[in-house]
Amino acid sequence: MSADQTQLAFDWSCRIMSDNGCGFPAPGLHSFLFQPMFTVGGYEFNKVMLLALVTTLVVVTFFWAAFGKAKVVPGKLQMVGEAGYDFVRRGIVYETLGKREGEKWVPFMVSLFFFIWIMNIWSVIPLAQFPVASVFSFPLVLALVVWVLWVGLTFKRHGFVGFFKNITGYDKSLGAVLPLVMVIEFFSNLLVRPFTHAVRLFANMFAGHLMLVMFTVASWYLLNSWMIPAAGVSFVMTMAMIVFELFVQAVQAYVFVLLACSYIQGALAEHH
Amino acid sequence: MIANLAQLAAEEKQNPLIPAGPELLVGTIAFAIVFFFFWKKLLPNINKVLEERRAAIEGGIEEAEAMKVEAQSVLEQYKAQLAEARHEAARLRQEAQEQGATLIAEMRAEGQRQREEIVAAGHAQIEADRKVAASSLRQDVGKLATDLAGKLVGESLEDHARQSRVIDRFLDEIEDKATKAEAAR
């Protein structure tokens, strides 16, 4: 089904006011489904997984080229890599965790940032044109990793009782409402947090991709008869959305890492 | 229409928030590889270089610091020498002034001495002249007085011995009077 709808969007005969009465092939959930490329032991391998692996390849290759033979006097590539590295290290990790505590989190946060960013950027790269993070599994995996690290660290730092005090925001001065607060905090921190952490990234990329597809398909669909100017408007919107998405992709990667850092920081903090 | 309905049904089954196992696995592996490279190889690499760079820059700063200190000491040395030279010049000037003053004083003293000598010589000369004049005057006055007296008295007072005795007595009287008059004044 989804394939039909997707194919219609590329069909020359399917445009507004065409004879066959073809409706607007609107993007929808089917835009996030892909035909399997091949099957491994009953499991399907599709374009999104491929893009995820290419992301790994791109990030590692770029930083290998930049930092593989790092020099004291940097070349252009190394300079760009250093700028990105420094941005995450100083701008996010040191800012939230401090230099002393933050140092050992730098590799994790740096890889997290660039992995997410490149996953998102596929959204506007020709041929790829799909943000990997708009498939929920990928943000979820990353959010779960952060969650596991955060919970583990909280246990390690505060012990069993301390863990629950930290998680539930235990504060005697709250008095009678303390049990209520503790229940809410427990759910919000332990159960809702990883979900919102993942959904924030997922939903942004999902919506962004829908918008891009919508305007792109519309540009094509409207390209007929006296609706051609409208197609022009739609095309301009497509361009504008591409620029906007480039911005959102970077911001969402930044926000994801920033939140990860602030969760870790909460685990490091002394409960009061 | 039927196809549309079927599609709707398929979309209802498709929930984007249900993760799929294979995707989770691929996502985990993809991220794990990135993290592994960053953690084990790339970031240690770049950190080493950044550390070296920091050391190099700090070394440069230290060198500059050392040079600054040296420049400072040279400047102070130079200033000290300059001050010393100024002192020396001032001392020499002072000395010259003092020497000049002594010279002038000596010359003044010498001038004074010479002037006094000249004045003294003048006085001596005048005294000698006065004495000569006085003795010659005494003879002349004696002779005149004798002549006058001879004429008045009418007798010759040629007798030399008596004559000169009278004259001397007369002149001594005059001198006495003069001396007395001077003392009285």
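Conventions we followed
Residues numbered from 1 in each chain as written. Chains lettered and ligands numbered in written order. Predicted model: local features only at pLDDT ≥ 70, side-chain atom pairs only at ≥ 80, totals over all residues. Contact = placed C-beta atoms within 7 Å. Helix = DSSP H or I, 4+ residues; strand = E, 2+ residues; numbered from the N terminus. Nonpolar A, V, L, I, M, F, W, Y, C, P; charged D, E, K, R; others polar. UniProt positions renumbered as here; feature names shortened; annotations may be inferred. Buried ≥ 20, exposed ≤ 12 C-beta atoms within 10 Å, placed from the backbone. Core = buried A, V, L, I, M, F, W, Y, C linked by C-beta atoms within 7 Å.

J.: Explain the interface of chain A and chain B here, please?
T.: Many structure descriptions define interface size as the accessible area lost when the parts assemble. With 40 residues of chain A at the contact, the number on the chain B side is 31 residues. Sort the elements by how many residues they give to the side of chain A that touches chain B and helix H2 (residues 47–67) of chain A lands first, with eleven residues. In terms of residue class, the side of chain A that touches chain B is made up of 29 nonpolar, eight polar and three charged.

J.: I'm lost on the UniProt feature "transmembrane region" (unreviewed entry) in chain B in this one. Help?
T.: Within this numbering scheme, the UniProt entry marks residues 20–39 of chain B as carrying the feature "transmembrane region" (unreviewed entry). In residues 20–39 of chain B, helix accounts for 95% and strand for 0%; the two terminal C-alpha atoms are 28 Å from one another.

J.: Would you explain unusual backbone geometry in this entry?
T.: Most of the time, phi is negative for any residue but glycine, and the peptide bond is trans. All names here are of chain A. Phi at Leu127 takes a positive value of approximately 80 degrees, unusual for a residue other than glycine. Although it is not a glycine, Gln129 sits at a positive phi angle of roughly 45 degrees. Along the chain, Gln129 turns up in the loop between helix H4 (106–121) and helix H5 (137–168). Assessed through the 15 C-beta atoms surrounding it within 10 Å, Gln129 is described here as partly exposed.

J.: How should the nonpolar core be read in this particular structure?
T.: Side chains of a nonpolar character, in soluble globular proteins, are inclined to be buried together. In this structure, Met109(A), Phe113(A), Ile116(A) and Val257(A) are the most contacted members of the largest nonpolar core, which totals 65 residues. Breaking this core down by element, the ones donating at least two residues are H2, helix H3 (76–102), H4, H5, helix H6 (178–221) and helix H7 (228–268) of chain A together with helix H2 (21–153) of chain B. With residues near it in sequence (within four places) discarded, Ile116(A) still touches Ala133(A), Leu142(A), Leu201(A), Ala253(A) and Phe256(A). One finds Phe215(A), Trp220(A), Tyr221(A) and Leu222(A) within the second-largest nonpolar core, a separate group that totals nine residues.

J.: Just checking my understanding: could you explain the environment of Cys22(A) for this structure?
T.: Among the secondary structure elements, Cys22(A) is positioned in the loop between helix H1 (2–9) and strand S1 (38–40). Residues Cys22(A) and Tyr221(A) lie 199 residues apart in sequence; the distance between their C-alpha atoms is 9.8 Å.

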